[in-house]
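Fold and contact review
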Amino acid sequence: MAGWIWFRCVFGPNLTRTHRSPDTARPDGRVARRGWPYQPRSLERHADSILGWASALWSLSYYSSPLLLCYLYRKGYICSSKLAPVSQYVGTVLVCLLGVACLRGWGRWRNPEYLQFISILEETRKNHTANNKRKLACFDFDFSHWPADFSWSDVSNPKLSQGGVSLLKPEPRHRGAADSIINTLRTLPCHIISFLIAHSFGRRMLYPGSVGLLQKAMRPMLQQGQARLVEESNGQRSKLVACDGNEIDAMFVDRRPEGGANGQTLVICCEGNAGFYEVGCMNTPLEGGYSVLGWNHPGFGGSTGVPFPQNEANAMDVVIQFAVHKLGFRLSDIIVYAWSIGGFTASWAVMSYPELKALVLDASFDDLLPLALKVMPDSWRPLVTYTVRQYMNLNNAEQLCKYQGPVLLIRRTKDEIITTTGPEDITANRGNDLLLRLLQFRYPKIMTDEGVASVRRWLAAGSLLEEAALYSSYEVDDDWCVSVLQSYQNDTHTPFPWTVGEDMTSDGRRQLALFLARKYMHNFETTHCTPLPASEFQQPWSL
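Residues numbered from 1 in each chain as written. Predicted model: local features only at pLDDT ≥ 70, side-chain atom pairs only at ≥ 80, totals over all residues. Heavy atoms only, no water.

The next subject is unusual backbone geometry. For the peptide bond that leads from Phe 496 to Pro 497, omega is 5°, which places it in the cis range. Mapped onto the elements, Pro 497 comes out in the loop between helix 18 (478-492) and helix 19 (506-520). The phi angle at Ser 340 is positive, at roughly 60°, despite the residue not being glycine. Summarising the element assignment, Ser 340 is placed in the loop between strand 9 (334-339) and helix 11 (343-352). Looking at Ser 340, the relative accessible area reads 6%, which means it is buried. For Glu 475, which is not glycine, the phi torsion reads 55° and is therefore positive. Relative to the helices and strands, Glu 475 resides in the loop between helix 17 (464-473) and helix 18. (Helix = DSSP H or I, 4+ residues; strand = E, 2+ residues; numbered from the N terminus. Buried < 20%, exposed > 50% of the residue type's maximum accessible area, 1.4 Å probe, protein only.)

A separate point is the packing of aromatic side chains. This model, assessed by the stated rule, comprises 23 aromatic pairs. Ring plane angle 70° and centroid distance 5.4 Å describe the contact between Tyr 114 and Phe 117, whose orientation is recorded as edge-to-face. Within this pair, Tyr 114 and its partner Phe 117 are both found in helix 5 (residues 112-126), separated by three residues, close to a single helical turn. Judged by its relative accessible area of 0%, Tyr 114 is buried. Relative to Phe 496, the ring of Tyr 443 lies with its centre 5.5 Å away and its plane at 75°, an arrangement referred to as edge-to-face. Here the residue Tyr 443 occupies a position in the loop between helix 15 (430-442) and helix 16 (449-459), and Phe 496 occupies one in the loop between helix 18 and helix 19, the gap between them amounting to 53 residues. A cation over a ring is seen here: Arg 237 above Trp 146, with NZ or CZ 6.0 Å from the ring centre. (Phe/Tyr/Trp six-rings, centres within 6.5 Å; stacked < 30°, edge-to-face > 60°. Lys NZ or Arg CZ within 6 Å of the ring centre and 35° of its normal.)

Before going further, it helps to spend a moment on the packing of helix 12 (residues 368-375) against helix 13 (residues 381-391). Axis separation between helix 12 and helix 13 bottoms out at 10 Å; the angle between their running directions is 145°. Crossing hand, helix 12 versus helix 13: right-handed. Residues Leu 368, Leu 369, Ala 372 and Leu 373 of helix 12 touch helix 13, and the partners they reach there are Arg 381, Val 384, Thr 385, Val 388 and Arg 389. For the contact of helix 12 with helix 13, the per-class residue count stands at six nonpolar, one polar and two charged. (Axes fitted to C-alpha atoms, helices over the stretch in contact; angles between N-to-C directions. Left-handed = near helix turned anticlockwise from the far one by under 90°. Contact = heavy atoms within 4.5 Å. Nonpolar A, V, L, I, M, F, W, Y, C, P; charged D, E, K, R; others polar.)

Take the sheet that holds strand 2 (residues 36-37) next. Strand order in the open sheet formed by three strands is 2-1-3, with antiparallel pairing between adjacent strands. With one partner strand each, in any of the chains shown, strand 2 and strand 3 (139-141) form the two edges of the open sheet. Bridge count for strand 1 (residues 15-18) against strand 2 is two bridges, and the pairing is antiparallel. Across the sheet, the residue bridging to Arg 17 is Pro 37, located in strand 2. Against the sheet, helix 5 engages strand 1, strand 2 and strand 3, with an angle of about 85° to strand 3. With respect to the sheet, helix 8 (residues 212-233) is in contact with strand 1 and strand 3, its orientation differing from that of strand 1 by roughly 30°. (Pairing = 2+ DSSP bridges.)

This part covers the side chain of Asp 415. Of note, Asp 415 is situated in the loop between strand 11 (407-412) and helix 15. One buried charge, Asp 415, has no salt-bridge partner; the nearest side chain with opposite charge is Arg 412, at 5.9 Å. Here the side chain of Asp 415 touches Ile 418 through a polar contact of 3.1 Å, landing on its backbone nitrogen. Within the local environment of Asp 415, its side chain forms a polar contact with the side chain of His 528, the two groups lying 2.8 Å apart. When neighbours within four sequence positions are excluded, Asp 415 is seen to be in contact with Ala 363, Pro 423, Asn 429, Thr 526, Thr 527 and His 528. (Lys, Arg positive; Asp, Glu negative; His and termini not counted. Salt bridge = Lys/Arg side-chain N within 4 Å of Asp/Glu carboxyl O. Polar contact = N/O pair within 3.5 Å; in protein donor to acceptor, adjacent residues only side chain to side chain.)

In this structure, the second largest pocket encloses a volume near 930 Å³. If you go around the second largest pocket, you meet 43 residues; those closest to its centre are Met 205, Leu 206, Asn 273, Ile 341 and Ile 417. Looking at the lining of the second largest pocket, the elements that each hand over two or more residues are helix 7 (177-206), helix 9 (283-287), strand 9, helix 12 and helix 13. Per-class residue counts for the lining of the second largest pocket are 28 nonpolar, ten polar and five charged. (1 Å grid on protein atoms, 1.4 Å probe; cavity = no way out; pocket = protein on both sides within 12 Å on 5 of 7 lines; lining within 4 Å. Points joined across faces, edges and corners; volume = space filled by probe spheres on them.)

For the structure on display, the rule yields three cavities of 30 Å³ or more. What the largest cavity holds in volume is close to 70 Å³. His 19, Ala 137, Phe 139, Asp 140, Trp 146, Gln 226, Val 230, Gly 235, Gln 236 and Arg 237 are the residues that line the largest cavity. Of all elements in the fold, only strand 3, helix 8 and strand 5 (236-241) reach the threshold of two or more residues within the lining of the largest cavity. Of the residues belonging to the lining of the largest cavity, the class tally is four nonpolar, four polar and two charged. In this model, the second largest cavity occupies a volume close to 60 Å³. In terms of lining residues, the second largest cavity is bounded by Leu 361, Ala 363, Ser 364, Leu 409, Ile 410, Arg 411, Arg 412, Ile 418, Asn 429, Gly 431, Leu 434 and Met 521. Counting residues per element, the ones that place at least two in the lining of the second largest cavity are strand 11 and helix 15. Ranked by residue count, the leading element in the lining of the second largest cavity is strand 11, at four residues. Of the residues that constitute the lining of the second largest cavity, the class distribution is seven nonpolar, three polar and two charged.

Confidence in the prediction of the chain, expressed as mean pLDDT, is 90, and 94% of residues score 70 or more. Overall, residues 25-29 carries pLDDT values under 50, and its contacts beyond four positions in sequence, including any with other chains, amount to three contacts. (pLDDT = per-residue confidence, 0-100.)

Dropping the structure here:
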């Protein structure tokens, strides 16, 4: 038995923090769980430091391997006579690292706190009861060793296609059979290059948070955020298994027991391309008193996999299934809130689950392609277009137009990321295009040439004062606009697109266009990465 425990100590996870048991309550009824960092013994600490440096060097070698292999090839080191001694050196290093791992296991075996943790972990793996899960939640450790709490297979009728959940695909161009074969052979080199770009630096440029070195640098900050969510907000960490086998790291904060009105509504948060729920946009709805479910992209934090669109949608699907079937929320009580690139999974969610209550998109865009073309050379335009459409087709606007429910877009007026020129040119913000696409789909008879022109002038306003002045200059009557829209809704009861405004004067269409633009989009005078205050987070407008 002692030998088995020592073996588990050698190959067990790193323990970083112990949270206080949630049984002790404060006078205000909230849970007090202030914990303490795990204190390894000297032997374990030094051994772990050596293994950590070895892991960092491996990561650095992995990302620099193309340059390193080219250098070794030019120096003539890639041959059998040179590789044999190298393999011996590598084998010696691996044996030494195994010895260091055994020493670390010995140090853990002599630490009562780690022995208590590893015993609870083994017991939870054998018998995953609620009581064992509650005991295990008092420890913060490597998430890869965390037992699964929910799987897509637990649901009787998951929404699946052959390769996972359904995605909108770009329409293929029809060609004759012979022409198609010739064209395929002619474009084959381009397709190979496109695949290599997408699966190497392209994916890492789009989702820098998936780069291991960045995660290592951010680890202390992420651990601090994890501790704050668990100890101050009584957060519950869970591992969700998606239909592609990826394990998704999720955090749930339940505000229903507090009895507040907002606590009965769940806000599912979708982070940006370098965002993690530990330090991301979860804080905004939490401060507003909502129940909140955050999760990390595949390849981020404790989540496994890589953040390609299909994997992202699969992850979002299991998060929603978890919220409904395990946490007990109805779809009509769930708001999806996304920041930046998280708009892709958020718009996919409301497209696939139209019963969802509402959607809030903060600093998001309509389509990835214009932003990708901005940062790449013009000569690469055909290659970039094919790569984005084939492997990274983040078509937020197209997915958003499939949703019939309330939507709120938040535009950062000084956004420097989702603009095709610079932060000083607010007309180049791709959030403008997202709003126009949505309004043109839902209200095509209002968004005629004069309606689009008036909305573009409103979007070009550089400040809230300019925006209000322009709104006043058109003499928009809010009460009249609401009455027109409500009358059409009560008379027709039809889904979008609506034909309201078909027999209206140009002045009436302009008023309605500006009224709808102001209801669907709110401006926030700041840059892309500034956290959104709770005062700016609100439920979308609806009739």
